[in-house]
Amino acid sequence: MNATIPAANDDLVLALPKGRILNEALPLIRAAGIEPEPDFSDPASRRLQFATNHPNISIIRVRSFDVATFVAFGAAQLGVAGNDVLMEFDYPEIYAPLDLGIGHCRLSVAEPAEMVKTDDPARWSHVRVATKYPNITQRHFAARGVQAECIKLNGAMELAPGLGLCRRIVDLVSSGQTLKANGLVEVELIAKITSRLVVNRAALKTRPTEIGGWIDRFRDVLDAA
Ligand code: PRP
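Draft legend 1. Structural context of the sheet that holds strand E6 (residues 126-131). With mixed pairing, the nine strands of this open sheet are ordered in space as E2-E3-E1-E4-E9-E5-E8-E6-E7. Edge positions in the sheet fall to strand E2 (49-51) and strand E7 (147-152), since each of these pairs with one other strand and no more. On average, adjacent strands in this sheet sit at an angle of 25° to one another, irrespective of strand direction. Sheet analysis places strand E5 (residues 94-112) next to strand E8 (residues 168-173), joined by five bridges and oriented antiparallel. Bridging across to E8, Ser108 finds its partner in Asp171. The sheet strands contacting helix H8 (residues 208-224) are strand E1 (12-17), strand E3 (57-62), strand E4 (78-82), E5 and strand E9 (184-200), and the helix crosses E5 at an angle near 60°.

So, in structure tokens, the structure goes:
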């Protein structure tokens, strides 16, 4: 396998999110016929871009929010992104044709367990929340007539109520273990989340056969599952 990163103009870059989605995405990527070079699976490797079995396709491994940014700006033509990320940024340059059926979780409002007994979400008029998702949060609460004050954090939102930063958080919940371990309880669902195949719209327009071909291959993989 050629381990050098291709540099020609016909390069295709596939942006994948680090973390747990990656493990779920890889079998689909492989089933679609893209095999990353061995270094990709080496946790000790500090590299961020990897060759594949296709001379013009490389894979980059970035933070989930950054997948959307790389694809929106056309620095990557293809990617895998959760609809939490897509909803938060709402980039018109991103087309998200396929639900990959991976990364199932939900975006929820949570608060301390002892608060739940006396708190009634139907009576909220103003909330202060810590979140990585200020845009989704504002939209969600505005739609139900609640004024939301968001404190932007990039992780460890679950610490915020205990330390007095705010009483509530908006965050992803998967198994619920992180909330439980930090004495929090889900009180309102904002959205169900899965990961989607995303493409840069301009790249799809200029290279319809190639990029459309990859969308079809992923669709075939999903249909066969
Ligand atoms: C996410 C999320 C929660 C946790 C929920 O964080 O922000 O903290 O997962 O998962 P659970 O319900 O299964 O406990 P992640 O581990 O992806 O790291 P992050 O803080 O970097 O986003």
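Read on, since the account is not over.
Draft legend 2. Geometry of the pairing of E3. The buried fraction of E3 amounts to six of the six residues, a majority that puts the element mostly inside the structure. Every second residue of E3 is oriented toward a common face, with Ile57, Ile59 and Arg61 on one face and Ser58, Ile60 and Val62 on the other, all of them buried. Of the strand pairs in this sheet, E1 and E3 are connected by six bridges, and their pairing is parallel. Looking across to E3, one finds that Ala15 is bridged to Ile60.

The rules behind each value
- Residues numbered from 1 in each chain as written.
- Predicted model: local features only at pLDDT ≥ 70, side-chain atom pairs only at ≥ 80, totals over all residues.
- Heavy atoms only, no water.
- Pairing = 2+ DSSP bridges.
- Helix = DSSP H or I, 4+ residues; strand = E, 2+ residues; numbered from the N terminus.
- Axes fitted to C-alpha atoms, helices over the stretch in contact; angles between N-to-C directions.
- Contact = heavy atoms within 4.5 Å.
- Buried < 20%, exposed > 50% of the residue type's maximum accessible area, 1.4 Å probe, protein only.

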